[in-house]
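Coordinate inspection notes
Read off the chains here:
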Amino acid sequence: MATVSPGMRPPGPCGPPPSLRDPAVERDPHPLYRTLREHFPLVHDAPFGAWLVSRYADVRAALEDPRLVAPPPGRTPAHQADGMHRSLVAAAFRGPASAALSAGVERTAYVLARRLADRREADLVAEFCHWLPAAAAVAALGLPYEDTARVHTWCRTGLDHLGGHHPELDAFLRPYIARRRAHPGTDLLSVLCAARVGGRPLPDEAVAGLAGTLLGAGGDTTARALASFLANLLDHPGQLAAVRARPELTAGAWAESLRRDPPLHVVLRRATEPVGVVPAGATVACLLGSAGRDPARFADPDRYDAFRTDPGPLAYGSGPHSCPGTLLARLTAEHGLKALLAAVPDLRWAPGARPAAEGLISRSPRTLPVRCR
């Protein structure tokens, strides 16, 4: 957001602005989003304590504006240079480690999916979505599978896609970091241990922080995204059949789900200096849930269309604060769906089931009751 776009203006004479704190918003935020896009494209929401940005073009500009920064996640060395952070994590997904990452995700997905094969009914959220992302991240980093439950708990109670500080996770990772420095392998933790900046290896705290970023990508956000993805395909059996027949369509189906039903509806930024009418120090709430359904950007935006050619996803961020775990999330979705369809070829909603999404900041179905056979 190098300049304030035409839509980035204070509200006009449209009555009092609505608020994200309205109790009805958590049940269904989309009526509010439509009102904001049409009448309040940039407005200060006093009860919520932030400036709301709701149109696609403005949300994208805000996410790319260097004057709007992510709130500090609490870990210092690993986030001192965000560009270095992202480039190192991106490098971890290239080369020999990328094959290990894909293989680890695929293996984990099939283990979890096979457990459902002989079941009559199951809840995909509790028995698949909540476990696959964390287990896949554990496999990618080369950590013991039997520690997945502990890592899963940490992912859900103190990590996000930018990492975060979790003392127990730090203590858990230290001996593995020492072993990888002495005996590197092809896993992602070894890649991070071998990374050098200015000719020097990263300190242990930075490696732990970057590993936390990957584990954060395997936490609640990706689990929610996976739940919404499966719900959208279960809602559209014809599209699910097409993806089953042509697996190359899965990436587009995933991107479309992120557009229509992102796991994070609200992403916060802090202004380091004035940005148009937004004062320095103010919080800006980028409404991804609104941007993805902006009719000025997408035709028939409320419809899920796995064949949409340009879903323009923002769900895992954009610009200098984009999520470095995007590839891990996409592989989780692709291998997860493939494994489910192989193990449970007749996957469908359980009779009478279609749970609505829940949540304000993070939003997804809490359960996915399905019939497996």
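Residues numbered from 1 in each chain as written. Predicted model: local features only at pLDDT ≥ 70, side-chain atom pairs only at ≥ 80, totals over all residues. Heavy atoms only, no water.

**Quick notes on the sheet that holds strand E8 (residues 283-287)**
Read across the open sheet, the 5 strands follow the order E1-E2-E8-E7-E3; overall the sheet is mixed. The open sheet has two free edges, formed respectively by strand E1 (42-45) and strand E3 (68-69), since each of these has just one partner strand. Where strand E2 (residues 50-53) meets E8, 3 bridges bridge the pair, whose relative direction is parallel. The residue of E8 that forms the bridge with Val53 is Cys286. The strands touched by helix H3 (residues 56-64) are E2, E3, strand E7 (266-271) and E8; relative to E8, the strand with the most contacts, the crossing angle is about 130 degrees. (Pairing = 2+ DSSP bridges. Helix = DSSP H or I, 4+ residues; strand = E, 2+ residues; numbered from the N terminus. Contact = heavy atoms within 4.5 Å. Axes fitted to C-alpha atoms, helices over the stretch in contact; angles between N-to-C directions.)

**Here's the deal with the side chain of Thr250**
As for its position among the elements, Thr250 is in helix H14 (residues 250-260). The class of Thr250 is buried, set by a relative accessible area of 6%. With near-sequence residues (within four places) excluded, Thr250 lies in contact with Phe229, Val243, Glu334 and Leu337. (Buried < 20%, exposed > 50% of the residue type's maximum accessible area, 1.4 Å probe, protein only.)

**Points about the environment of Asp220**
Within the element layout of this structure, Asp220 appears in helix H12 (residues 220-235). Expressed as a C-alpha distance, the spacing of Asp220 and Pro133, which sit 87 residues apart in the sequence, is 8.4 Å. Side-chain polar atoms of Asp220 contact the side chain of Arg224, separated by 2.8 Å. (Polar contact = N/O pair within 3.5 Å; in protein donor to acceptor, adjacent residues only side chain to side chain.)

**Here's the deal with the pattern of salt bridges**
By the definition in use, this model includes 21 salt bridges. One salt bridge in this structure joins Arg371 and Glu121, with 3.0 Å as the shortest N-O distance. Note that Arg371 is positioned in strand E12 (residues 369-371) and Glu121 in strand E4 (residues 121-123), a separation of 250 residues in sequence. Residue Arg371 is classed as buried on the basis of its relative accessible area, which comes to 12%. For Glu121, a relative accessible area of 38% translates into the label partly exposed. The shortest N-O distance in the salt bridge between Asp187 and Arg180 comes to 3.1 Å. (Salt bridge = Lys/Arg side-chain N within 4 Å of Asp/Glu carboxyl O.)

**Quick word on the confidence of the model for the chain**
Taken over all residues, the pLDDT of the chain has a mean of 84, while the share at 70 or more is 82%. The secondary structure element of the chain with the lowest average pLDDT is helix H4 (residues 82-92), at 56, and the one with the highest is E2, at 98. Of the regions scoring below 50 in pLDDT, residues 1-9 engages in 25 contacts with residues more than four places distant in sequence or in other chains. Every residue in residues 74-82 scores below 50 in pLDDT, and together they form 20 contacts with partners more than four places removed in sequence or on other chains. (pLDDT = per-residue confidence, 0-100.)

**Let's talk about the nonpolar core**
Membership of the largest hydrophobic core comes to 43 residues, with the highest contact counts inside it found for Leu124, Phe128, Leu226, Phe229, Leu230, Leu337 and Leu368. Those elements that place two or more of their residues in this core are helix H5 (96-114), helix H6 (124-129), H12, helix H13 (237-245), H14 and helix H16 (326-343). Grouped together as the second largest cluster of nonpolar side chains are 30 residues, Ala137, Tyr176, Ile177 and Ala206 included. (Core = buried A, V, L, I, M, F, W, Y, C linked by side-chain atoms within 4.5 Å.)

**Quick word on H3**
Where H3 is concerned, the buried positions are Tyr56, Asp58, Val59, Ala61, Ala62 and Leu63. Residues of H3 that are buried make contact with E2, E3, E7, E8 and helix H15 (288-291).

**Things to note about the pairing of E1**
Successive side chains on a regular strand alternate, one facing one side of the sheet and the next facing the other. Bridge analysis of E1 against E2 gives 4 bridges, and the strand direction is antiparallel. Across the sheet, the residue bridging to Asp45 is Ala50, located in E2. In textbook terms, the turn of a hairpin is the stretch between consecutive antiparallel strands, and for E1 and E2 this stretch comprises 4 residues, one of which, Gly49, has a positive phi near 80 degrees.

**A word on the packing of H12 against H14**
For the pair H12 and H14, interaxial distance at closest approach is 9 Å and the crossing angle is 110 degrees. Considered as vectors, H12 and H14 are oriented roughly perpendicular to each other. For the pair formed by H12 and H14, the contact residues are Ala225, Leu226, Ser228, Phe229 and Asn232 on the first element and Thr250, Ala253, Trp254, Ser257, Leu258 and Arg260 on the second. (Parallel < 35°, antiparallel > 145°, perpendicular 65-115°, else oblique.)

**Some words on the packing of helix H7 (residues 132-141) against H16**
Put simply, H7 and H16 touch, their axes get as near as 10 Å, and they point 115 degrees apart. Taken as a pair, H7 and H16 cross one another with a handedness that is right-handed. Between H7 and H16, the residues in contact are Leu132, Pro133, Ala136 and Ala137 and Leu328, Thr332 and Gly336, respectively. Partitioning the contact of H7 with H16 into residue classes produces 5 nonpolar, 2 polar and no charged. (Left-handed = near helix turned anticlockwise from the far one by under 90°. Nonpolar A, V, L, I, M, F, W, Y, C, P; charged D, E, K, R; others polar.)

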